[in-house]
Amino acid sequence: MTTTYDYDLFVIGAGSGGVRAARLTALGGKKVAVAEEYRVGGTCVIRGCVPKKFMVMASEVSHALEIAEGYGWSFDNAKFDWPTFLQAKDVEIARLSGIYAANLGKAGVDLVHGRAVMKDAHTVEIVGKNQTFTAEKILIATGGRPWKPEDLPGVEHAITSEEAFHLPQLPKRIMIAGGGYIAVEFAGIFAGLGVETTLIYRGPNILRGFDDDVRAHLAGEIEKRGVKVILGCQHTSIEKTETGLVSHLGNGMTMEHDVIMFATGRVPYVKGLGLENAGVELNDEGAIAVDPFSKTSVDNIWAIGDVTDRMNLTPVAIREAVAFHQTVYKNNPQHFDYEAVATAVFSQPPVGVVGLTEHEARRACPGEVDVYVTRFRPMKYAFTGSDERVLMKLVVDAESQRVVGVHIVGPESPEMIQLAAIAVKAGLTKAQWDATCAVHPTMAEELVTLKEKQSPSAMAG
């Protein structure tokens, strides 16, 4: 007997991955619904990379004004108005969210506003709305949420990145706890907006997992932009006083700020989804366990994006959605290739990387590894007296001469790394990079003119 379901596919979560999977499947003629408990667009559009990039661009203006003065411009009474920016940002985010919702409608997807909880492998309930839907297949795309140490005394007084987008007023002093990309990005944002900014991280250096030269270089550069960096230390408690929030630190120091923000990582958003009712298993890290084709432990349930904690990037979630659609509905099994995925950190200055770090390459490559590094003051700062410097680094497999890693810290590095990623993904050799004629005068020309290998003694240092 054939079971009749309300939908062919029910998607939980209307972020970038969930929306793409829902639209493709509906356009293919299937009956599809997507449930979203907050706003259509997910973390990236609503409270992640898009509004954060707007904040980065707003905060970069102060540095641009400093540079402009070196070129002969003068500005009187230049000032930043936080409420004006917030209003403009919120209007644009609402517009983008509306586009996502409209595109779902045009594709024929039913949008359900509310929190979906699984009752069994084929049934979801919309909390508080007395609605229940059945589906032949279910896709979970609920993303992640910020994490902060709930056992830390006084942590309830601290905010996360989600609240940072809606602060009623710009603080005069802020402490940001964390050393990952979210922490360093917000440190640059607030410092650029004139906030006295402190970054504290328990590790030996920021950006764990990135190339060591990148980590060291960026730590020095963000301090030049006015961020106070405290490493090897963390909170023991937070105390609210009449004048602010006092951080009690593990090294015995106390510091007072108006706002304390925790950017100490994100965790898969699985709480209260009812996964146990459907038999969906989690892995040891608390993410939904999936096979290479994004299928969970239940045959008719899949999961994509940050909730699986594989590679937590918006474009990756979209590619996983496409692979899901091809596998499940096009009889064309596909899985995303996670090798040589470029990424950017919108710190100030920004970072762009693709491929292996030097450390990873020395473990992965069968023989020696050639390293090419340059550090220079960009032409843009020639008139300003700034001592900010750019870092560019190529990591090469000496045996095959393939360029296996590219690491850039400096202006426009996210734009450069997108194109460099094509060459790394294609497996081009150092000779092929060298054979590419430079565009002059640009910073990017350094990528195709690097001749001197870094010496072993320099690498040891």
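For clarity, every value in this text was computed on a predicted model and none was experimentally measured.

For this particular structure, what's the right way to read the sheet that holds strand 13 (residues 254-257)?
Strand pairing in a sheet is mediated by backbone hydrogen bonds. Such pairs are either parallel or antiparallel. Taken together, the three strands give an open sheet; going across it, the order is 11-12-13, and neighbouring strands pair in antiparallel fashion. Looking at the sheet topology across the chains shown, the edges are occupied by strand 11 (235-240) and strand 13. Between one strand axis and the next, the sheet turns through 25° on average, direction left out of account. Summarising the sheet, strand 12 (residues 245-249) and strand 13 pair through four bridges and their orientation is antiparallel. From the neighbouring strand, H248 faces strand 13, where its bridge partner is T254.

Would you mind showing me how to read helix 3 (residues 49-70) here?
Because the α-helix completes a turn every 3.6 residues, residues three or four places apart line up on one side. A rise of 1.5 Å per residue sets the reference length of helix 3, with its 22 residues, at 32 Å; its end C-alpha atoms lie 31 Å apart and thus fit the reference within 8%. The largest bend along helix 3 measures about 30° and falls at V61. Residues of helix 3 that are buried include every one of P51, K52, M55, V56, A58, S59, H63, I67 and A68, and no others. Looking at the buried positions of helix 3, the neighbouring elements they touch are helix 2 (42-47), helix 4 (82-107), helix 5 (161-164) and helix 6 (181-192). Positive backbone phi, approximately 100°, marks G72, located one or two places after helix 3.

Just checking my understanding: could you explain the packing of aromatic side chains for this structure?
Each aromatic ring pair is summarised here by two numbers: the centre-to-centre distance and the angle between the ring planes. This structure, assessed with the given rule, holds 13 aromatic pairs. With a centroid separation of 4.8 Å and 40° between ring planes, the pair formed by Y71 and F383 is classed as tilted. Note that Y71 is positioned in the loop between helix 3 and helix 4 and F383 in the loop between strand 19 (369-376) and strand 20 (390-397), a separation of 312 residues in sequence. Of the residues examined, Y71 reaches a relative accessible area of 41% and is grouped as partly exposed. Residue F383 is classed as exposed on the basis of its relative accessible area, which comes to 56%. Consider the rings of F165 and F186, whose centres lie 5.6 Å apart with planes at 65°: the pair is edge-to-face.

Could you clarify how one ought to interpret the pairing of strand 19 in this entry?
Burial runs high along strand 19: seven of the eight residues are buried. Bridging between strand 19 and strand 20 involves eight bridges; their strand directions are antiparallel. Directly across from Y372, in strand 20, lies its bridge partner L394.

What exactly am I supposed to notice about helix 4 here?
An ideal rise of 1.5 Å per residue puts 38 Å on 26 residues; helix 4 measures up with 38 Å between its terminal C-alpha atoms. Residues of helix 4 that are buried in the fold lie against helix 1 (16-27), strand 2 (32-36), helix 2, helix 3, strand 3 (110-113) and helix 5. Among the residues trailing helix 4, G108 stands out with phi positive, at a value near 90°.

How do you make sense of the nonpolar core when you look at a structure like this?
Among soluble globular proteins, nonpolar side chains are generally buried collectively. I176, F186, F190, L199, I206, M261 and V351 are the most contacted members of the largest nonpolar core, which has 47 residues in total. Broken down by element, this core gets its largest block of residues, eight residues, from helix 6. I12, A33, A135 and V280 belong to the second largest nonpolar core, which has 25 residues in total.

Is there a simple way to explain the pairing of strand 4 (residues 116-120) in this structure?
Walk down a regular strand and you will see the side chains alternate between the two sheet faces. Alignment of strand 4 against strand 5 (residues 123-126), held across four bridges, turns out to be antiparallel. Note that in strand 5 the partner of D120 across the bridge is T123.

Help me understand the sheet that holds strand 14 (residues 259-262) in this model?
The strand order across the open sheet formed by four strands is 10-9-8-14, and the pairing between neighbours is parallel. With one partner strand each, in any of the chains shown, strand 10 (228-231) and strand 14 form the two edges of the open sheet. Strand-to-strand twist of the sheet, defined as the mean angle between neighbouring strand axes without regard to direction, takes the value 20°. Sheet strands touched by helix 6: strand 8 (173-177), strand 9 (196-201) and strand 14. Its angle to strand 9, the strand with the most contacts, is close to 165°.

Explanation requested: the pattern of salt bridges in the structure shown.
Any two side chains of opposite charge can pair, given that their charged atoms come close. As enumerated under the stated definition, the model contains 21 salt bridges in all. A salt bridge links E136 to K137, with the nearest nitrogen and oxygen atoms 3.1 Å apart. Close ionic contact of D213 with R375 constitutes a salt bridge, the shortest N to O distance being 3.6 Å. Placement of D213 in helix 7 (residues 212-224) and of R375 in strand 19 is noted, with a sequence separation of 162 residues between them. A relative accessible area of 41% means that R375 is categorised as partly exposed. Shared partners join several salt bridges into a network, and the residues in it are D211, D213, E358, R362, R375 and K393.

Hey, could you run me through the packing of helix 3 against helix 4 in this one?
Each pair of packed helices can be described by the angle between their axes along with the distance between the axes. Direction vectors running N to C along helix 3 and helix 4 enclose 145°, while the axes themselves pass 10 Å from each other. Of the two possible hands of crossing, helix 3 and helix 4 adopt the one that is right-handed. Taking contact as the criterion, the partners of V50, P51, F54, M55 and A58 in helix 3 are, on helix 4, W82, F85, K89, E92, I93 and L96. Class assignment for the residues of the contact of helix 3 with helix 4 results in nine nonpolar, no polar and two charged.

Can you walk me through the side chain of R145 in this structure?
Within the fold, R145 resides in strand 7 (residues 144-146). One buried charge, R145, has no salt-bridge partner; the nearest side chain with opposite charge is E162, at 4.3 Å. The contacts of R145, once residues within four sequence positions are left out, are T43, R47, E162, G265, R266, V267 and Y269.

Is there a simple way to think about the packing of helix 1 against helix 9 (residues 314-329) in this case?
With their axes 8 Å apart at the nearest point, helix 1 and helix 9 run at an angle of 30° to one another. In terms of orientation, helix 1 lies roughly parallel with respect to helix 9. Classified by chirality, the crossing of helix 9 by helix 1 is right-handed. Only T314, A317, I318, A321, V322, F324, H325 and Y329 of helix 9 make contact with helix 1, whose side of the interface consists of S16, G17, R20, A21, L24 and T25. Class assignment of the residues belonging to the contact of helix 1 with helix 9 gives a composition of eight nonpolar, five polar and one charged.

Please clarify how unusual backbone geometry should be interpreted in this entry.
Glycine aside, a negative phi is what most residues show, and trans is what most peptide bonds show. A cis geometry characterises the amide bond from Q348 onward to P349, with omega recorded as 5°. The topology assignment puts P349 in the loop between strand 17 (343-345) and strand 18 (351-355). Although it is not a glycine, N331 adopts a positive phi angle of roughly 50°. Relative accessible area serves as the criterion here: at 72%, N331 is assigned to the exposed category. The backbone phi angle of Q401 is positive, close to 65°, even though this residue is not glycine. Following the sequence through the fold, Q401 ends up in the loop between strand 20 and strand 21 (403-409). Among the residues examined, Q401 registers a relative accessible area of 27% and is labelled partly exposed.

Rules used throughout
- Residues numbered from 1 in each chain as written.
- Predicted model: local features only at pLDDT ≥ 70, side-chain atom pairs only at ≥ 80, totals over all residues.
- Heavy atoms only, no water.
- Pairing = 2+ DSSP bridges.
- Helix = DSSP H or I, 4+ residues; strand = E, 2+ residues; numbered from the N terminus.
- Axes fitted to C-alpha atoms, helices over the stretch in contact; angles between N-to-C directions.
- Expected span 1.5 Å × (residues − 1).
- Bend = angle between axes of the 7 residues up to and from the residue.
- Buried < 20%, exposed > 50% of the residue type's maximum accessible area, 1.4 Å probe, protein only.
- Contact = heavy atoms within 4.5 Å.
- Phe/Tyr/Trp six-rings, centres within 6.5 Å; stacked < 30°, edge-to-face > 60°.
- Core = buried A, V, L, I, M, F, W, Y, C linked by side-chain atoms within 4.5 Å.
- Salt bridge = Lys/Arg side-chain N within 4 Å of Asp/Glu carboxyl O.
- Left-handed = near helix turned anticlockwise from the far one by under 90°.
- Nonpolar A, V, L, I, M, F, W, Y, C, P; charged D, E, K, R; others polar.
- Lys, Arg positive; Asp, Glu negative; His and termini not counted.
- Parallel < 35°, antiparallel > 145°, perpendicular 65-115°, else oblique.

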